[in-house]
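Chain by chain, the residues run as shown.
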Amino acid sequence: VIAVFQLQNETVHIHTIPVQPLTDLLNGTKHSFCVDTAESSVGQLTIDMSPDAMIGTGAFKSAHPGWLTLTAPPIKGLRSQARHKVVVKQPFYRVYSDAATQSGPYKIGQYSLADDIKKLFVEANVLFWEKSLLQLTYTFIDHCIASSLTPLPFSIPCVCFVEAGLALSFAQGVSKVTTKAGSAWAVFLLEELIRGSDEAFMKFIHNMDSNPSYLESIRTLHGLSSHFIIIY
């Protein structure tokens, strides 16, 4: 049973990162990711902040399990379930016990709201462009396959980016004593929770290493065609 004091509850506006045709990005109509209140969903985000439940820390973000509860979920995507299990991420920096050498044990330090928003909007915008470029890539591949006179002698793995979005948390009443009611006081990057073991999917590219995961054998390559490969 999770102790109540280890759960953090936030009233949030969810802004999912959509897939836009590359032509829309290039002609300037939607050249970057932005939040639109008219297209957002309002709900409750519950974050399990207990140390034992923490999913981990990456190069610059911490990850905690969470639950996203919306009153009117859409048909599909990150918000498509009334109570959606998610991974809640926030930027952090390391505060080392030995500040001079930047080594040894460290504590997790939190950025200011302004810095959090800046860093997470950059990441959201990168995902925004990545999804568009990946869509263009598969459109080209599908066109080549359709116009080919002979079938392909190999299978092409199907990869995708994780479903993600930004959650802006707003202060309610006097619950946040240092923040005016109705104003944003926190921002989170939400990602869909990937279930299953390493055999269910492969993390092909991630922030810690720009080199793709290497395939050990031709047999592994053929096996990938039946798996869902997630690119972070």
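Residues numbered from 1 in each chain as written. Predicted model: local features only at pLDDT ≥ 70, side-chain atom pairs only at ≥ 80, totals over all residues. Heavy atoms only, no water.

A. Fine view of the pattern of salt bridges. As enumerated under the stated definition, the model contains three salt bridges in all. Between Glu123 and Lys61 there is a salt bridge whose closest N-O contact spans 3.2 Å. A residue pair is termed long-range when its members are at least 10 positions apart, and Glu123 in helix H2 (residues 113-147) and Lys61 in strand S4 (residues 61-70) qualify at 62 residues. Just as Glu123 is buried, Lys61 falls in that class too. (Salt bridge = Lys/Arg side-chain N within 4 Å of Asp/Glu carboxyl O. Helix = DSSP H or I, 4+ residues; strand = E, 2+ residues; numbered from the N terminus. Buried < 20%, exposed > 50% of the residue type's maximum accessible area, 1.4 Å probe, protein only.)

B. Summary view of the nonpolar core. Ile17, Phe33 and Leu166 are the most contacted members of the largest nonpolar core, which has 16 residues in total. When residues in this core are grouped by element, the largest group, five residues, is from H2. Apart from the residues within four sequence positions on either side, Phe33 is in contact with His15, Thr16, Ile17, Pro18, Phe121, Ala124, Asn125, Phe128 and Leu166. Counting residues in each nonpolar core, the second largest holds 12 residues, with Ile47, Val88, Ala186 and Leu190 among its members. (Core = buried A, V, L, I, M, F, W, Y, C linked by side-chain atoms within 4.5 Å. Contact = heavy atoms within 4.5 Å.)

C. Just the packing of aromatic side chains, in detail. Applying the stated criterion across every chain, the model contains three aromatic pairs. Plain terms: the ring middles of Phe33 and Phe121 are 6.1 Å apart, the flat faces sit at 45° to each other, and that makes the pair tilted. With Phe33 in the loop between helix H1 (22-26) and strand S2 (41-48) and Phe121 in helix H2, the pair connects residues that are 88 residues apart, well separated along the chain. Owing to a relative accessible area of 7%, Phe33 belongs among the buried residues under this scheme. Using a relative accessible area of 22% as the deciding quantity, one classes Phe121 as partly exposed. Between Lys119 and the ring centre of Tyr111, over which it is positioned, the NZ or CZ distance is 4.7 Å. (Phe/Tyr/Trp six-rings, centres within 6.5 Å; stacked < 30°, edge-to-face > 60°. Lys NZ or Arg CZ within 6 Å of the ring centre and 35° of its normal.)

D. Highlighting the confidence of the model for the protein. Summing up the model confidence of the protein, the mean pLDDT is 77 and the portion of residues at 70 or higher is 72%. Here helix H3 (residues 218-224) stands out as the least confident element of the protein, with mean pLDDT 36; H2 is the most confident, with 92. This stretch, residues 215-232, has a pLDDT under 50; its non-local contacts, to residues over four places away or in other chains, come to 41 contacts. (pLDDT = per-residue confidence, 0-100.)

E. Quick peek at a nonpolar patch on the surface. Among the surface-exposed residues, Ile145, Leu152, Phe154 and Ile156 lie close enough to one another that they form a single nonpolar patch of about 330 Å² accessible area. Along the chain, Ile156 falls in the loop between H2 and strand S7 (159-161). (Patch = residues over 30% accessible without salt bridge, like charges linked within 9 Å, V, L, I, M, F, W, Y side chains within 5 Å. Areas by Shrake-Rupley, 256 points an atom, 1.4 Å probe, with all protein chains shown as cover.)

F. Seen up close, the environment of Gln110. Inspection of the secondary structure assignment puts Gln110 in strand S6 (residues 103-110). With a relative accessible area of 41%, Gln110 lands in the partly exposed category. For the pair Gln110 and Pro91, spaced 19 residues apart in the sequence, the C-alpha separation amounts to 7.1 Å. Apart from residues no more than four positions distant in its own chain, Gln110 is found in contact with Gln90, Pro91 and Tyr93.

G. Here's a closer look at H2. End to end, H2 covers 51 Å across 35 residues, agreeing with the expected 51 Å (1.5 Å per residue, within 8%). If you check which residues of H2 are buried, you get Asp116, Leu120, Glu123, Ala124, Leu127, Phe128, Lys131, Ser132 and Leu134. (Expected span 1.5 Å × (residues − 1).)

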